Amino acid sequence: MSFVAEIFASIALVISGIFGFVGSYGLVKLKNTLQRLHAPTKATTLGVGGVLIASMIFFYANTGQISVHELLITLFLFVTAPIAANFIAKTYMVRNLRQEDLPESTGDFGWSIYDDPPSPGAAPMEHLK
Amino acid sequence: MIEYALLFAAGCYGVALLLDLWRVAIGPDAADRILALDTMVINMIALLVLYGIWRGTATYFEAAMLIAMVGFVSTVAYCRFLLRGDIIE
């Protein structure tokens, strides 16, 4: 393994370690639940991303082949992280906030967590006709 | 040199896991606990890939991928259960 590749992999590893720690430190340190939702995104993107970049550099320098497993993991995490964050925020809303305290949502269906789900036969696609 | 970087990153993620565990313990809301468990899954993925680099094998990527999928599904299932009282309606 060449010296340059080792330096780049080490830099990526150190950066990712720092960001992973900062994400969890923010999770403990911040005061509000919706503020705490912000901190672990650093661990998701820069933390895991740094580890995976270091792993790509390492395996490319060792074997000479580019491995795409890391890209798969990164892609999966980037796709799923916003969905999970949205679900967690809605869980917080439904358990701690009342609908009267919230501003109007500008969508057709309101905040969608305080109502019953639409029943199967009740003109579901009215606005499309 | 990369050994020291690996040890440093693994130490950071170990401390991060302890902080997540602390947040799981003190709560105060269920959303906090779900968020902390989700973060623990992310940190475990990073630790698994670090271990794969340490051992020099590519075997652990599949494990990391599986843990990522299971972590996402469990986060969504837990939130769904708290939101609607049911996971699949």
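Scroll up to find the structure.
To start, this report covers the structure provided alongside it. Since this is a predicted model, take the numbers as computed values, not measurements.

**A look at the overall build of chain A**
Here is step 1: Counting its regular elements, chain A contains 4 helices and 0 strands.
Here is step 2: The helix and strand sequence of chain A, counted from the amino end, reads α-α-α-α.
Here is step 3: Within the span of chain A, comprising 129 residues, buried residues form 29% of the whole.
Here is step 4: Taking all contacts inside chain A whose residues are at least 6 apart in sequence as the whole, residues at least 24 apart take part in 56%.

**Observations concerning the nonpolar core**
Here is step 1: Val-51 and Ala-54 of chain A together with Ile-45, Ala-46 and Val-49 of chain B are the most contacted members of the largest nonpolar core, which totals 50 residues.
Here is step 2: Looking at this core, the elements that each hand over two or more residues are α1 (3-29), α3 (40-63) and α4 (69-96) of chain A together with α1 (2-26), α2 (30-55) and α3 (60-84) of chain B.
Here is step 3: Ranked by residues supplied to this core, first place goes to α2 of chain B with 13 residues.
Here is step 4: Discounting residues that sit within four places of it in the chain, Ala-46 of chain B has contacts with Ser-16, Gly-20, Gly-47, Val-48 and Val-51 of chain A together with Tyr-13 of chain B.

**Some remarks on the interface of chain A and chain B**
Here is step 1: Between chain A and chain B, the contact holds 49 residues from the first and 44 residues from the second.
Here is step 2: Looking at the side of chain A that touches chain B element by element, the count peaks at 16 residues for α4 of chain A.
Here is step 3: For the side of chain A that touches chain B, the per-class residue count stands at 28 nonpolar, 16 polar and 5 charged.

**Points about the packing of α3 of chain A against α2 of chain B**
Here is step 1: Two elements in contact, α3 of chain A and α2 of chain B, have axes whose closest approach is 10 Å; the angle formed by their N-to-C orientations is 10 degrees. For the element pair α3 of chain A / α2 of chain B, the angle class is roughly parallel. Mapping the contact onto sequence places Pro-40, Ala-43, Thr-44, Gly-47, Val-48, Val-51, Leu-52, Ala-54, Ser-55 and Phe-58 of chain A in α3 of chain A and Leu-35, Thr-39, Ile-42, Asn-43, Ile-45, Ala-46, Val-49, Leu-50, Gly-52 and Ile-53 of chain B in α2 of chain B.
Here is step 2: Counted by class, the contact of α3 of chain A with α2 of chain B contains 14 nonpolar, 6 polar and no charged residues.

**A closer look at the environment of Val-4 of chain A**
Residue and element names in this part refer to chain A.
Here is step 1: Relative to the elements of secondary structure, Val-4 occurs in helix α1.
Here is step 2: The exposure class assigned to Val-4 is exposed, which follows from the 10 C-beta atoms found within 10 Å.
Here is step 3: Between the C-alpha atom of Val-4 and that of Ala-61, which follows or precedes it by 57 residues, the distance is 9.7 Å.

**A word on α1 of chain B**
Here is step 1: Helix length check: α1 of chain B, at 25 residues, gives a terminal C-alpha distance of 36 Å against a target of 36 Å (1.5 Å per residue), a fit within 8%.
Here is step 2: Contacts from the buried residues of α1 of chain B go to α1 and α3 of chain A together with α2 of chain B.
Here is step 3: With its phi angle positive at about 75 degrees, Gly-27 of chain B sits one or two positions after the end of α1 of chain B.

Reading guide: rules and limits
- Residues numbered from 1 in each chain as written.
- Chains lettered and ligands numbered in written order.
- Predicted model: local features only at pLDDT ≥ 70, side-chain atom pairs only at ≥ 80, totals over all residues.
- Helix = DSSP H or I, 4+ residues; strand = E, 2+ residues; numbered from the N terminus.
- Buried ≥ 20, exposed ≤ 12 C-beta atoms within 10 Å, placed from the backbone.
- Contact = placed C-beta atoms within 7 Å.
- Core = buried A, V, L, I, M, F, W, Y, C linked by C-beta atoms within 7 Å.
- Nonpolar A, V, L, I, M, F, W, Y, C, P; charged D, E, K, R; others polar.
- Axes fitted to C-alpha atoms, helices over the stretch in contact; angles between N-to-C directions.
- Parallel < 35°, antiparallel > 145°, perpendicular 65-115°, else oblique.
- Expected span 1.5 Å × (residues − 1).

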